[in-house]
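Examination of the molecular architecture
As a plain string of letters, each chain reads:
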Amino acid sequence: MTIPAISRTVGTTRLEAVAADITTLALDAIVNAANESLLGGGGVDGAIHRTAGPELLAECRTLGGCRTGDAKITAGYRLPARHVIHTVGPVWRGGGDGEDELLAACYRRVIAVAAGNGIRTLAIPAISTGIYGFPADRAAAIAVRTVADHRNLDAVACVTFCCFGETTLRLHRGEIEALP
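Reading guide: rules and limits
Residues numbered from 1 in each chain as written. Predicted model: local features only at pLDDT ≥ 70, side-chain atom pairs only at ≥ 80, totals over all residues. Heavy atoms only, no water. Pairing = 2+ DSSP bridges. Helix = DSSP H or I, 4+ residues; strand = E, 2+ residues; numbered from the N terminus. Axes fitted to C-alpha atoms, helices over the stretch in contact; angles between N-to-C directions. Contact = heavy atoms within 4.5 Å. Core = buried A, V, L, I, M, F, W, Y, C linked by side-chain atoms within 4.5 Å. Buried < 20%, exposed > 50% of the residue type's maximum accessible area, 1.4 Å probe, protein only. Arc of directions from axis to C-beta. Parallel < 35°, antiparallel > 145°, perpendicular 65-115°, else oblique. Left-handed = near helix turned anticlockwise from the far one by under 90°. Nonpolar A, V, L, I, M, F, W, Y, C, P; charged D, E, K, R; others polar. Salt bridge = Lys/Arg side-chain N within 4 Å of Asp/Glu carboxyl O.

In spatial order, the strands read β1-β2-β7-β6-β3-β5-β4; together these seven strands make up an open sheet with mixed pairing. Looking at strand neighbours, the two that pair on one side only are β1 (6–10) and β4 (71–75), the edges of this open sheet. Neighbouring strand axes in the sheet, compared pairwise and without regard to direction, differ in orientation by 25 degrees on average. As judged from the four bridges shared by strand β6 (residues 121–124) and strand β7 (residues 158–163), these two strands associate in the parallel manner. Looking at β7, one finds that Ile 124 is bridged to Phe 161. Its contacts with the sheet place helix α3 (residues 99–116) against β3 (29–34), β4, β5 (83–88), β6 and β7, and it is angled at close to 155 degrees to β5.

Let's shift gears to the nonpolar core. If you look at the biggest cluster of nonpolar residues, it comprises 36 residues, and the most contacted ones within it are Ile 85, Tyr 107, Leu 122, Ile 124, Val 147, Val 159 and Phe 161. Elements supplying a minimum of two residues to this core: β1, β2 (13–19), β3, α3, β6, α4 (136–148), β7 and α5 (166–177). It is α3 that contributes the most residues to this core, eight residues altogether. For Leu 122, the residues in contact, after removing those within four places along its chain, are Leu 27, Ala 29, Val 31, Ile 85, Val 110, Ile 111, Ala 114, Val 156, Cys 158, Val 159 and Thr 160. Formed by 16 residues, the second largest nonpolar core is a distinct cluster that contains Cys 66, Leu 79, Ala 123 and Cys 162.

All right, on to helix α1 (residues 43–52) then. Of all the residues in α1, the buried ones are Asp 45, Gly 46, Ile 48, His 49 and Ala 52. Buried residues in α1, looked at end-on, bunch into an arc of 165 degrees, giving them a common side. For α1, the exposed residues set more than 90 degrees away from the buried face come down to Gly 43 and Arg 50. Residues of α1 that are buried sit in contact with β3, α2 (54–61) and β5. Downstream of α1 by one or two residues, Gly 53 has phi in the positive range, about 95 degrees.

Okay, the packing of α3 against α4 next. Axis angle and axis distance: for two packed helices, these are the angle between their axes and the distance between the axes, and together they describe the pair. The geometry of α3 relative to α4 is characterised by a closest axis approach of 9 Å and an angle of 40 degrees between their N-to-C directions. One element, α3, and the other, α4, form an angle in the oblique class. Note that α3 runs across α4; the crossing there is right-handed. On the side of α3, the interface is formed by Asp 100, Leu 103, Ala 104, Tyr 107, Arg 108 and Ile 111, while α4 contributes Arg 138, Ala 139, Ile 142, Ala 143, Thr 146 and Val 147. Each residue belonging to the contact of α3 with α4 can be placed in one class, and the counts come to eight nonpolar, one polar and three charged.

On inspection of all chains with the given rule, the structure shows nine salt bridges. Here Arg 145 ties to Glu 175 by a salt bridge, and the two come within 3.2 Å at their closest N and O atoms. On the criterion of sequence distance, the pair formed by Arg 145 in helix α4 and Glu 175 in helix α5 is long-range, its members being 30 residues apart. On the accessibility criterion, Arg 145 (47% relative accessible area) is partly exposed. Residues joined in a network through salt bridges with shared partners are Arg 67, Asp 70 and Arg 109.

Have a look at this one:
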């Protein structure tokens, strides 16, 4: 069974969840679930770097890495998106090492960086749920609630939670539907 996408307006911002390949989205920016070096890796990070081309790696080398919970912006190069906002999510260590707050910090910083750079349309993957092992249901709740509650959210016209697969889409869809 295919899970349909969902869209809901919070303030003046449309929040949506879709199943898609983030590297194909023609938006102002996409978010890269990066590692601290920002020099590429596996999963979404590797796909974004491969699609964007070597210019992205060259620019990332000038940024000096990125701390967990922070975010930095680059050009999108060969991607259909004009920019990439790189954020480093936490590695799941069982929930007792501040992982929830670090993940929420990623989403807060992504929205702040987007708002500060005139980004109106933005796609975000399920940060830390791949190789970093963050439980997908917990991550979806943190993602949607943190974005929906952000004080600068109205600066962004549309935030798309770009889900890789139906399970992740179902979780994000449920969280969007549950918003007050």
